[in-house]
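Letter by letter, the chains look like this.
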Amino acid sequence: DTAVSQTPKYLVTQMGNDKSIKCEQNLGHDTMYWYKQDSKKFLKIMFSYNNKELIINETVPNRFSPKSPDKAHLNLHINSLELGDSAVYFCASKSSTRTYNEQFFGPGTRLTVL
Amino acid sequence: GDSVTQMEGPVTLSEEAFLTINCTYTATGYPSLFWYVQYPGEGLQLLLKATKADDKGSNKGFEATYRKETTSFHLEKGSVQVSDSAVYFCALSERSGGSYIPTFGRGTSLIVHP
């Protein structure tokens, strides 16, 4: 009965490869996010989708492409991986009905690029 | 744009000491304010929140009061435990157009020694 789940939990890959991270939420929320957390714990928002529509697209290399097949899923595809992409990636969701609704975070995917 | 500034860590305390983690914000409207906690190896989870001026959020012995006059939302706990060791994030959420934009501080690491 996990609220926000991500797969895989760990991802180790070589530079130049293409990889995907999947996220699913079973909370009925209409808004989902992707964040990148660096080694100093700084959290940077990358994308946000509301009802499958992209609403936040921060300055992120276009090698990163989000895809939302439905409201419960937001996947992140990364092309041509670079060393600097190594980080922990978090998916989150919330209901957009109120400003004070909190976000629910997944457990994170630790990406290591060699 | 909106921003959240929190004190740099790490904050190192002995068990049963008093904790304060400072957080100030800038926002154009009337945001909701949050504290999230991230335990080692996990995603962020909501610790407490406040939705309007003078509201006090509280949970697990932690408290924070929404101070509009000083644009602050400082986190306090009277007696910390080793199990409180984690990274704490101050955040705000404000409506922008048709969506809610989250803004996070850089996180403050708390280390509690027995």
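This text follows the structure it describes.
Residues numbered from 1 in each chain as written. Chains lettered and ligands numbered in written order. Predicted model: local features only at pLDDT ≥ 70, side-chain atom pairs only at ≥ 80, totals over all residues. Heavy atoms only, no water.

(A) Inspection of the nonpolar core at higher detail. Residues and elements named next belong to chain B. The biggest cluster of nonpolar side chains holds 26 residues, and the ones touching the most others in it are Leu 19, Trp 35, Leu 47, Leu 48, Phe 73, Leu 75 and Tyr 88. A total of 4 residues in this core trace back to one element, the largest contributor, which is strand 10 (residues 86-96). When neighbours within four sequence positions are excluded, Leu 48 is seen to be in contact with Leu 33, Phe 34, Trp 35, Gly 57, Ser 58, Asn 59, Phe 62, Glu 63, Ala 64, Phe 73 and Leu 75. (Core = buried A, V, L, I, M, F, W, Y, C linked by side-chain atoms within 4.5 Å. Buried < 20%, exposed > 50% of the residue type's maximum accessible area, 1.4 Å probe, protein only. Helix = DSSP H or I, 4+ residues; strand = E, 2+ residues; numbered from the N terminus. Contact = heavy atoms within 4.5 Å.)

(B) Highlighting the state of the cysteines. All names here are of chain A. Tallied over the entire structure, the rule returns 2 disulfides over all chains. Between the sulfur atoms of Cys 23 and its disulfide mate Cys 91 the distance is 1.9 Å. Across the S-S bond of Cys 23 and Cys 91 the torsion is about -75 degrees, and the bridge reads as left-handed. Residue Cys 23 is located in strand 3 (residues 19-25), and its partner Cys 91 is located in strand 9 (residues 87-94); the two are separated by 68 residues in the primary sequence. Look at Cys 23 and you get buried, because its relative accessible area is 1%. (Disulfide = S-S within 2.5 Å.)

(C) Seen up close, unusual backbone geometry. The omega torsion of the bond from A:Thr7 to A:Pro8 falls at -5 degrees, within 30 degrees of zero and hence cis. Tracing the sequence through the fold places A:Pro8 in the loop between strand 1 (4-7) and strand 2 (10-13). With an omega of 0 degrees, the peptide bond between B:Gly9 and B:Pro10 qualifies as cis. By the element assignment, B:Pro10 lies in the loop between strand 1 (3-6) and strand 2 (11-14). The backbone of B:Glu16 shows a phi angle near 75 degrees, a positive value even though the residue is not glycine. On the secondary structure map, B:Glu16 appears in the loop between strand 2 and strand 3 (19-21).

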